[in-house]
Amino acid sequence: MAKKLTVRDLYSLYLDSGAELSKEEIVVDGWIRTNRDNGQIGFIELHDGTVFKGVQIVYKGESEYSRLRTGAAIEVTGSFLLTPEAKQPFEIHASNIVLVGDVDEDYPLQKKRASFEFLREQAYLRPRANTFQALYRVRSVLAMNIHRYFQERGFVYVHTPEITANDAEGAGQVFTVATGAKDPYKDFFGRRASLTVSGQLHVEAFALAFKDVYTFGPTFRAEKSNTPRHAAEFWMIEPEIAFAHLEDDMELIEDFLKYLIRETLRLCPDEMAFFDKFIQPGLLEKLRKVESAPFKRMTYSEGIKILEEAVKNGHKFENADIKWGMDLQSEHERYLTEEHAGGPLFLIDYPKEIKAFYMKENDDGKTVAACDLLVPGEGEIVGGSEREVRPEVLKAKMDKLGNFDGLEWYYNLRRYGSAPHAGFGLGFDRFLSYITGIANIRDTEPYPRTSGTLRY
Ligand code: 4AD
Ligand code: MG
């Protein structure tokens, strides 16, 4: 019986083993991307999803196979032929093609280059489109590399809960978890519960037991920002390191992101070349530069001065009322990282009023030991900080915010064998946007959830 192989097998096995294997009959199955018949011979471009590239199937022209349509699932039996002169290194000469699953004529993915907006409406079919074949594979490889990075360095992976009673960031952007009962809060947990906005508080407790830990999971924010960078459900990686300060945190962020870029380029060369060619020309060069140069650093206060200067020199911001203490908008972040730094930029020491309660207050009494990493095209992709470990300072902040009740355990961590510690959150989907050049977060997630849409 003929041997069944994937397209991935063909590329790895047959390319290595060379021509002596080419006499074997083989079977491959997959989906038709294109089918054309010039009369004498016909060509099917077959993709099976196991690798970014497809394989060319050659058949006798003007046969029943000419009628097979784009999108149909087929099984091909044929002989494998090396074609050193052609564009592809090999092709399959079909002796038999079986139609496994036909495709109706209204199949939406007919055009070679459909728009992102159109494909978003076809979320259940877009994994078959070239761009999304590349994207979802890079997404998978990236997730694996995140675990590999931490696991190889002894970090413990902690599954922090998705249902929680706290609003870790204190920004009031939580989705409430409720049953259908009359008194939905009391019914199940006996108190108000919500979907997590961050696993940080829970993972801090583990850092104070295992030293180096991380969470990596879905995160939810009821943030009605209709931007290309905000999703209601996204994935976040939150490492936490004990006996460590802000400086150690930034070193970890930089090393981690450079590793992820390097490994994505190494493991997904075809996908990344595709993004470079069709999505963001210059992407590969940009990433190699980021991977090889130190990230720049600047305090928030310096950043404000630069923005004030920019306004003076005629730069148009939507919000041009630049003053110390303001929360930076994406346009300001992008100005600093794109126009000023020309690459990734750590902005540190933010005013305490605009940052979360758990951040360590600096000696100036006005700022906290926070670091946001800003990158061109995206703005903030990482938010991190050293944590406040002085019990009385933390308590005062919690009392002001009114979240001590229910988070007493978090405060207690500062009383029971506390140590300086720091951590950060990397937005997985935003980072994926950054390294693939796919501009909209809606196109980086398999089934995006944003305010106003919940189709699939
Ligand atoms: O800056 P954030 O809010 O930081 C935290 O949640 C901290 N607890 C992290 C920590 O120190 N452990 O969020 C971290 C990152 C942002 O920089 C951004 O990349 C991403 O999460 N993020 C979002 N991504 C997509 N959609 C949203 N609505 C996001 N909100 C935050
Ligand atoms: Mg942030």
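Note that the coordinates shown come from a computational prediction; the quantities given were computed from them, not determined experimentally.

What counts, and where the lines are drawn
- Residues numbered from 1 in each chain as written.
- Chains lettered and ligands numbered in written order.
- Predicted model: local features only at pLDDT ≥ 70, side-chain atom pairs only at ≥ 80, totals over all residues.
- Heavy atoms only, no water.
- Domains from an automatic or database assignment.
- Contact = heavy atoms within 4.5 Å.
- Buried area = accessible area lost by both parts, 1.4 Å probe.
- Salt bridge = Lys/Arg side-chain N within 4 Å of Asp/Glu carboxyl O.
- Near = heavy atom within 4 Å.
- Polar contact = N/O pair within 3.5 Å; in protein donor to acceptor, adjacent residues only side chain to side chain.
- Areas by Shrake-Rupley, 256 points an atom, 1.4 Å probe, with all protein chains shown as cover.
- Helix = DSSP H or I, 4+ residues; strand = E, 2+ residues; numbered from the N terminus.
- Nonpolar A, V, L, I, M, F, W, Y, C, P; charged D, E, K, R; others polar.
- Buried < 20%, exposed > 50% of the residue type's maximum accessible area, 1.4 Å probe, protein only.

(A) Local environment of the domain arrangement of the protein. According to the domain assignment, the protein contains domain 1 (3-107) and domain 2 (126-444). When each unit is reduced to the centre of its C-alpha atoms, the spacing between domain 1 and domain 2 is 44 Å. On the side of domain 2, nine residues touch domain 1, which itself brings eight residues to the contact. Between domain 1 and domain 2, roughly 800 Å² of surface is buried when both sides are summed, and carbon and sulfur atoms account for 42% of that area. Together, Arg-33, Gly-49 and Phe-52 form the three largest contributors to the area buried by domain 1 at its contact with domain 2, with a combined 67%. Run the count over domain 1 and domain 2 and you get one salt bridge. With its nearest N and O atoms 3.0 Å apart, the salt bridge here joins Lys-53 to Asp-270.

(B) Representation of the site of ligand 1 within the structure. Looking at ligand 1, there are 23 residues lining it, with Glu-169, Gln-200, Arg-221, Glu-238 and Glu-380 nearest. Tyr-358 places a polar side-chain atom, nitrogen or oxygen, 3.3 Å from a nitrogen atom of ligand 1. Taking Arg-387, its side chain carries an N or O atom lying 2.9 Å from an oxygen atom of ligand 1. Within the complex, the protein chains bury 93% of what would otherwise be the 630 Å² of accessible surface of ligand 1. Residue assignment for the shell around ligand 1 shows that the elements contributing at least two residues are strand E12 (233-242), strand E16 (379-386) and strand E17 (421-427). Taken together, the residues that form the shell around ligand 1 break down as eight nonpolar, seven polar and eight charged.

(C) Inspection of unusual backbone geometry at higher detail. Phi is positive for Phe-243, close to 55°, though the residue is something other than glycine. The exposure class assigned to Phe-243 is exposed, which follows from its relative accessible area of 62%. We note that Asp-349 has phi near 55°; this positive angle belongs to a residue other than glycine. Mapped onto the secondary structure, Asp-349 falls in strand E14 (residues 345-351). For Asp-349, a relative accessible area of 22% corresponds to the partly exposed category.

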